[in-house]
Amino acid sequence: MNSKTAYYTIQIGFGSYAEATILQDDASVDFPQFGTKIIFDSPTYRVHLGRFKNKLDVERTFAEVRKKYPQSIILKPISNN
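Keep in mind that what you see is a predicted model, and the values were worked out from it rather than measured. (Residues numbered from 1 in each chain as written. Predicted model: local features only at pLDDT ≥ 70, side-chain atom pairs only at ≥ 80, totals over all residues. Heavy atoms only, no water.)

Engineer: What am I meant to see in helix α2 (residues 55–68) here?
Structural biologist: An α-helical segment advances 3.6 residues per turn. Residues three or four places apart therefore align on the same side. Look at α2: 20 Å from first C-alpha to last across 14 residues, which is about the 20 Å you get at 1.5 Å a residue. The largest bend along α2 reaches roughly 30° and is located at Phe62. Every buried residue of α2 is listed here: Val58, Thr61, Phe62 and Val65. Where α2 is buried, its residues contact β1 (8–15), β3 (44–52) and β4 (73–75). Two to three positions downstream of the cap, the backbone nitrogen of Leu56 sits 3.3 Å from a side-chain oxygen, assigning the N-cap of α2 to Asn54. (Helix = DSSP H or I, 4+ residues; strand = E, 2+ residues; numbered from the N terminus. Expected span 1.5 Å × (residues − 1). Bend = angle between axes of the 7 residues up to and from the residue. Buried < 20%, exposed > 50% of the residue type's maximum accessible area, 1.4 Å probe, protein only. Contact = heavy atoms within 4.5 Å. Polar contact = N/O pair within 3.5 Å; in protein donor to acceptor, adjacent residues only side chain to side chain.)

Following this line, the structure appears as structure tokens:
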């Protein structure tokens, strides 16, 4: 799955709006150094964490995030080729 951005991000979960809001609040406490964002991708709301310019940075953070949110995945930027 790709994100429509020019940076890597980590999707930590998805669900209804209520579930996504709770997950976003939890992630903001667990990882305050990274911004969280709720994205609506019909029919679910997805919670994204951080904006990373390179793969090495996102993989380092992903290793820590995955301990708390095992369903997490890395979303790659779309190339404009």
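Engineer: Any chance you could explain the packing of aromatic side chains here in plain terms?
Structural biologist: Here a ring pair, both rings aromatic, is described through the centre-centre distance and the interplanar angle of the planes. All chains considered together, the criterion is met by four aromatic pairs. Relative to Tyr45, the ring of Tyr17 lies with its centre 5.2 Å away and its plane at 70°, an arrangement referred to as edge-to-face. Within this pair, whereas Tyr17 is found in helix α1 (residues 17–30), its partner Tyr45 is found in strand β3, the two being separated by 28 residues in sequence. With a centroid separation of 6.4 Å and an interplanar angle of 50°, the aromatic rings of Phe31 and Tyr69 are classed as tilted. (Phe/Tyr/Trp six-rings, centres within 6.5 Å; stacked < 30°, edge-to-face > 60°.)

Engineer: Sorry if this is basic, but what is going on with the pairing of β1 here?
Structural biologist: Each regular strand displays side chains that alternate between the two surfaces of the sheet. Of all eight residues in β1, seven are buried; the element is thus mostly enclosed. Across six bridges, β1 lies against β3 in antiparallel orientation. Considered in β3, the bridge of Phe14 is made with Arg46. As paired strands, β1 and β4 are joined by three bridges and run antiparallel to one another. Along β4, the bridge assignment pairs Ile10 with Ile74. (Pairing = 2+ DSSP bridges.)

Engineer: What's the story with the sheet that holds β4 in this structure? I'm lost.
Structural biologist: The strands making up a sheet are joined through hydrogen bonds of the backbone, oriented either antiparallel or parallel. Pairing is antiparallel in the open sheet, where four strands are placed in the order β2-β3-β1-β4. Looking at the sheet topology across the chains shown, the edges are occupied by β2 (36–41) and β4. Taking the axes of each pair of neighbouring strands and ignoring which way they run, one obtains an average angle of 40° across the sheet. In this fold α1 packs onto β1, β2 and β3, with an angle of close to 160° to the strand it touches most, β2. Running at roughly 35° to β1, α2 makes contact with β1, β3 and β4 of the sheet. (Axes fitted to C-alpha atoms, helices over the stretch in contact; angles between N-to-C directions.)

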